[in-house]
Amino acid sequence: MPSRALILVAILIMRVNLALAQDWPEFRGPTGQGHSSEQGLPLEWSESRNVAWKTAVPGTGWSSPVVGGGRVWLTTAVQGGDARNSRAVSLRVLAFDVVTGREVVNVEVFRVGRPGYINSKNSRASPTPILGGDYVYVHFGADGTAALTTSGEVLWRTRLAYESQHGNGGSPALYGDLLIINIDGDSPEAYVAALDIRTGKTRWKTPRRTPFAQSYTTPLVIRVGDRDQIVSVGAFRTVAYEPLSGKEIWRVSYDDGFSNVPRPVYGHGLVYIVSGWTSPPRLLAVRPDGTGDVTNSHVAWTLRRGVPYIPSPILVGDEIYVVNDVGILTCLDARTGASHWQQRLGGNYAASPVFADGRIHFQSEEGMTTVIAPGREFRRLALNRLDGSMLASMAVSGGSLFIRTDTHLYRITARR
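Analysis parameters
Residues numbered from 1 in each chain as written. Predicted model: local features only at pLDDT ≥ 70, side-chain atom pairs only at ≥ 80, totals over all residues. Heavy atoms only, no water. Helix = DSSP H or I, 4+ residues; strand = E, 2+ residues; numbered from the N terminus. Rg over C-alpha atoms; globule rule 2.2 N^0.38 Å. Buried < 20%, exposed > 50% of the residue type's maximum accessible area, 1.4 Å probe, protein only. Contact = heavy atoms within 4.5 Å. Areas by Shrake-Rupley, 256 points an atom, 1.4 Å probe, with all protein chains shown as cover. Lys, Arg positive; Asp, Glu negative; His and termini not counted. Charge placed at Lys NZ, Arg CZ, Asp CG, Glu CD. Salt bridge = Lys/Arg side-chain N within 4 Å of Asp/Glu carboxyl O. 1 Å grid on protein atoms, 1.4 Å probe; cavity = no way out; pocket = protein on both sides within 12 Å on 5 of 7 lines; lining within 4 Å. Points joined across faces, edges and corners; volume = space filled by probe spheres on them. Nonpolar A, V, L, I, M, F, W, Y, C, P; charged D, E, K, R; others polar. Phe/Tyr/Trp six-rings, centres within 6.5 Å; stacked < 30°, edge-to-face > 60°. Pairing = 2+ DSSP bridges. Axes fitted to C-alpha atoms, helices over the stretch in contact; angles between N-to-C directions. pLDDT = per-residue confidence, 0-100.

### Structural notes on the overall build of the chain
Point 1. Helix and strand counts for the chain come out as 1 helix and 33 strands.
Point 2. Against the 2.2 N^0.38 benchmark of 22 Å for 416 residues, the chain shows a C-alpha radius of gyration of 21 Å, consistent with a compact globule.
Point 3. In terms of overall dimensions, the chain has C-alpha extents of about 70 × 55 × 40 Å along its principal axes.
Point 4. Residues classed as buried in the chain amount to 58% of the 416 residues present.
Point 5. A sequence separation of at least 24 residues applies to 53% of the contacts in the chain between residues at least 6 apart.
Point 6. Carbon together with sulfur atoms contributes 49% to the accessible area of the chain, which is approximately 16,800 Å² in total.
Point 7. Between the averaged position of the 43 positive side-chain charges in the chain and that of its 36 negative side-chain charges there is a distance of 3 Å.

Given below as structure tokens:
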């Protein structure tokens, strides 16, 4: 049996290696598009195989894990705990030690005394935290937005005024010293806001064009030519904004699309956008070099079958992949939209796919992860099952996969 000293040395070495690993600081990782540069990841896992640790997560929530500074961060909503109001919900920020899985931060950020209705598939802690330097930024939709230190001290809190029909959803994006959030609820007002990361004060606020409706998306920062853009998907249209001013650059319309969830992806000179709750939803490939209304001039191609309501697309090489909510996976030529293949994976899907170590991972709500090889022919590499259900997307860092189920957080790593 190894001595305590050897165990401590092994943990120290592991911490050094993890410190050199690529962080996973926001929803869909360092690029915001589901890509990781990590290698040496496990291909197969189960409850009894390649699990470094498994830690119970209190409360309920579907925020995806983010990883940085040796910690894994989540948000959660804990019901009760108030003797005077059993309906009260405590909205909390959690952090776990990457090496051991031990809980190191558990702090209440907001308490909601009269929680409203949410969709049965949603939670009160669905937006994913975002890490920036020594700070953690969290968003609970209309219930509040906050900044914390990595020790769990709350620096500021704010509430952005709007009403959400089905609960919160979209996560924030960082741009320099701005925290950019889509505010698209079932209210008389819809807008995109940029908050000062030091104070939480609103630096700019750009109203959505009418008509508008609820949407639950995460903005994406892209670089087009010599300037940056914030691509913000909303009901009935997607708009690109100047990050520092909120001024509109271009917009593309889709007549009846609302309740949008997928985050856009960008590559090959195209932004790939899911139109939302239409019948059926569409995937639009849009050239982002226009100005004004580009609906009739800059849509390169459109996919009308097999498009998801919830999972985001993923772009790998020359192909783009979409898995819809009922498990139909489609591979397309990213430049032309020509279909290469379609395959039924089985199960239901809400998590967004991840590309890491040369493989693409698709997580079903039923706890199954299908791992495939990218390419113009379908090739399944592994099927991996965990207990519980999965709606949160995985994180990748330090040669490990971090997976949240409805009850636990896992660190999956190749056991040597």
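### Some remarks on the pattern of salt bridges
When their charged atoms lie close together, side chains carrying opposite charge are able to pair.
Point 1. By the definition in use, this model includes 21 salt bridges.
Point 2. Where Glu189 meets Lys205, a salt bridge forms, and the shortest distance between an N and an O atom there is 3.1 Å. Note that Glu189 is positioned in the loop between strand S11 (178-184) and strand S12 (190-196) and Lys205 in strand S13 (residues 202-207), a separation of 16 residues in sequence.
Point 3. Asp228 serves as the salt-bridge partner of Arg223, at 3.0 Å between the closest nitrogen and oxygen.
Point 4. A relative accessible area of 46% means that Arg223 is categorised as partly exposed.
Point 5. Look at Asp228 and you get buried, because its relative accessible area is 18%.
Point 6. One network of salt bridges, with partners in common, ties together Asp177, Asp196, Arg198 and Arg203.

### Topic: empty space enclosed by the protein
Point 1. For the structure shown, the criterion picks out 2 cavities of 30 Å³ or more.
Point 2. Along its surface, the largest cavity is lined by 13 residues, and Tyr162, Gly169, Gly170, Asn182 and Ser215 are the ones closest to its centre.
Point 3. Here the residues of the lining of the largest cavity are counted per class, giving 2 nonpolar, 10 polar and 1 charged.
Point 4. Around the second largest cavity, the lining residues are Asp184, Ala190, Arg208, Arg209, Pro211, Phe212, Ala213, Gly234, Ala235 and Arg237.

### Let's talk about the packing of aromatic side chains
Point 1. Scanning the model with the defined rule gives 8 aromatic pairs in all.
Point 2. With a centroid separation of 6.5 Å and 45° between ring planes, the pair formed by Phe236 and Phe258 is classed as tilted. Taken together, the residues span a long stretch of sequence, with Phe236 in the loop between strand S15 (227-233) and strand S16 (237-241) and Phe258 in the loop between strand S17 (248-253) and strand S18 (265-267) at a distance of 22 residues.
Point 3. Judged by its relative accessible area of 16%, Phe236 falls in the buried class.
Point 4. With relative accessibility at 26%, the residue Phe258 sits in the partly exposed group.
Point 5. Taking the centre distance of 6.2 Å and the plane angle of 55° together, the rings of Tyr321 and Trp341 count as tilted.

### Here we look at the sheet that holds strand S20 (residues 283-286)
Point 1. Taken in spatial order, the 4 strands of this open sheet run S18-S19-S20-S22, and their pairing is antiparallel. A strand with exactly one partner marks an edge of an open sheet, and here the two such strands are S18 and strand S22 (299-303). Pairs of neighbouring strands in the sheet enclose a mean axial angle of 20°, with direction left out of account.
Point 2. Where S18 meets strand S19 (residues 270-274), 3 bridges bridge the pair, whose relative direction is antiparallel. Paired with Gly267 across the strands is Leu270, a residue of S19.

### What to know about the layout of surface pockets
The method is simple in principle: a probe with the dimensions of a water molecule rolls over the atoms, and the space it marks as empty is what remains.
Point 1. Approximately 710 Å³ is the volume found for the largest pocket.
Point 2. As for the largest pocket, its lining consists of 32 residues, and the residues nearest its centre are Lys121, Asn122, Tyr216, Val261 and Ile310.
Point 3. Among the residues making up the lining of the largest pocket, the classes are represented as 13 nonpolar, 16 polar and 3 charged.

### Section: the environment of Leu383
Point 1. Mapped onto the fold, Leu383 is located in strand S30 (residues 380-385).
Point 2. Classification of Leu383 by relative accessible area gives partly exposed; the value is 47%.

### Describing the confidence of the model for the chain
In regions of low pLDDT, the predicted coordinates are not meant to be interpreted in detail.
Point 1. Mean pLDDT over the chain: 92, with 94% of residues reaching 70 or higher.
Point 2. Throughout residues 5-20 the model reports pLDDT below 50, and contacts reaching past four residues in sequence, or to other chains, amount to 10 contacts.

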